[in-house]
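Here is what each chain is made of, one letter per residue.
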Amino acid sequence: ANNERTFIAVKPDGVQRGLVGKIIQRFEDRGYKLVALKQVTPSKDHLEVHYQDLKGKPFFPSLISYMQSGPVVAMVWQGLDAVKQGRVMLGATNPLQSAPGTIRGDFCVQTGRNICHGSDSVDSANREIAHWFKTEEINDYTSDQINKWVYE
Ligand code: DAT
Ligand code: MG
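Residues numbered from 1 in each chain as written. Chains lettered and ligands numbered in written order. Predicted model: local features only at pLDDT ≥ 70, side-chain atom pairs only at ≥ 80, totals over all residues. Heavy atoms only, no water.

The chain carries the name Nucleoside diphosphate kinase in an unreviewed UniProt entry, which gives Mesorhabditis belari as its organism. For the chain, the Catalytic activity (unreviewed entry) comment in UniProt is given as "a 2'-deoxyribonucleoside 5'-diphosphate + ATP = a 2'-deoxyribonucleoside 5'-triphosphate + ADP". Of the chain, the UniProt comment under Sequence similarities (unreviewed entry) reads exactly: "Belongs to the NDK family." (UniProt positions renumbered as here; feature names shortened; annotations may be inferred.)

Structure representation (structure tokens):
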């Protein structure tokens, strides 16, 4: 659906490296609509819920401390097949397996410093959006330019 929403975040390394603008630019250029954005330094509890499916993995503690090491830029992007296409635009989890042209494939080399997050399914997108944003922080608005020129 044209109004599918996905949760995309620039991780602390992406923020520290000044890649926020470039990552936003790719989603804007593609024709996706930004409907929520904020910079936050997430708590340990917040991150443990965000990554609840990975609890028990050997890398879980280092993942949580990395994600807590500085501010994150949290976003919601909306548009056609936004969840799946967002993942395609991010590239593979391991940047060495991410194709050039993807965000990870262009800007990083290690799984533990892969600069961005994207929801992996519509269900997890809905869960993550609700976890990171209050309803009133999400902006339901019309972009005439996107409606007329991105979609037929
Ligand atoms: P993704 O971020 O592509 O959705 P994931 O949900 O499987 O990947 O894992 C979340 C994050 O955890 C990932 O971006 C980086 C880290 N991670 C995943 N697998 C890892 C591994 N084998 N070693 C170290 N860190 C890992
Ligand atoms: Mg994931």
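**A look at helix α2 (residues 20–30)**
Buried residues of α2: Ile-23, Ile-24 and Phe-27, and no others. Seen from one end, α2 has its buried residues packed into an arc of 95 degrees, which puts them on one side. In this structure, the buried side of α2 is in contact with β1 (5–10), β2 (33–40), β3 (72–78), α5 (82–90) and α6 (103–107). Gly-31 occupies a position one or two residues after α2 and carries a positive phi of about 110 degrees. (Buried < 20%, exposed > 50% of the residue type's maximum accessible area, 1.4 Å probe, protein only. Helix = DSSP H or I, 4+ residues; strand = E, 2+ residues; numbered from the N terminus. Arc of directions from axis to C-beta. Contact = heavy atoms within 4.5 Å.)

**Things to note about the nonpolar core**
Counting 19 residues, the largest nonpolar core has Ile-23, Phe-27, Met-75, Trp-77, Ile-103 and Ile-115 as its most contacted members. Discounting residues that sit within four places of it in the chain, Ile-23 has contacts with Val-10, Met-75, Ile-103 and Ile-115. If you look at the next biggest cluster of nonpolar residues, it comprises 18 residues, including Ala-9, Met-67, Val-76 and Trp-132. (Core = buried A, V, L, I, M, F, W, Y, C linked by side-chain atoms within 4.5 Å.)

**Looking at the layout of surface pockets**
Within this model, the largest pocket holds a volume of roughly 540 Å³. As for the largest pocket, its lining consists of 23 residues, of which Tyr-51, Leu-54, Leu-63, Thr-93 and His-117 are closest to the centre. At the level of elements, α4 (60–67), β4 (116–118) and α7 (122–132) are the ones that each hand at least two residues to the lining of the largest pocket. Split into classes, the residues belonging to the lining of the largest pocket amount to 5 nonpolar, 10 polar and 8 charged. (1 Å grid on protein atoms, 1.4 Å probe; cavity = no way out; pocket = protein on both sides within 12 Å on 5 of 7 lines; lining within 4 Å. Points joined across faces, edges and corners; volume = space filled by probe spheres on them. Nonpolar A, V, L, I, M, F, W, Y, C, P; charged D, E, K, R; others polar.)

**Some details on the sheet that holds β2**
Strands sit in the order β2-β3-β1-β4 across an open sheet of 4 strands; the sheet is antiparallel. Taken across any chain shown, the strands that pair with only one partner, and hence form the sheet edges, are β2 and β4. Adjacent strand axes in the sheet meet at a mean angle of 15 degrees, parallel and antiparallel pairs treated alike. (Pairing = 2+ DSSP bridges. Axes fitted to C-alpha atoms, helices over the stretch in contact; angles between N-to-C directions.)

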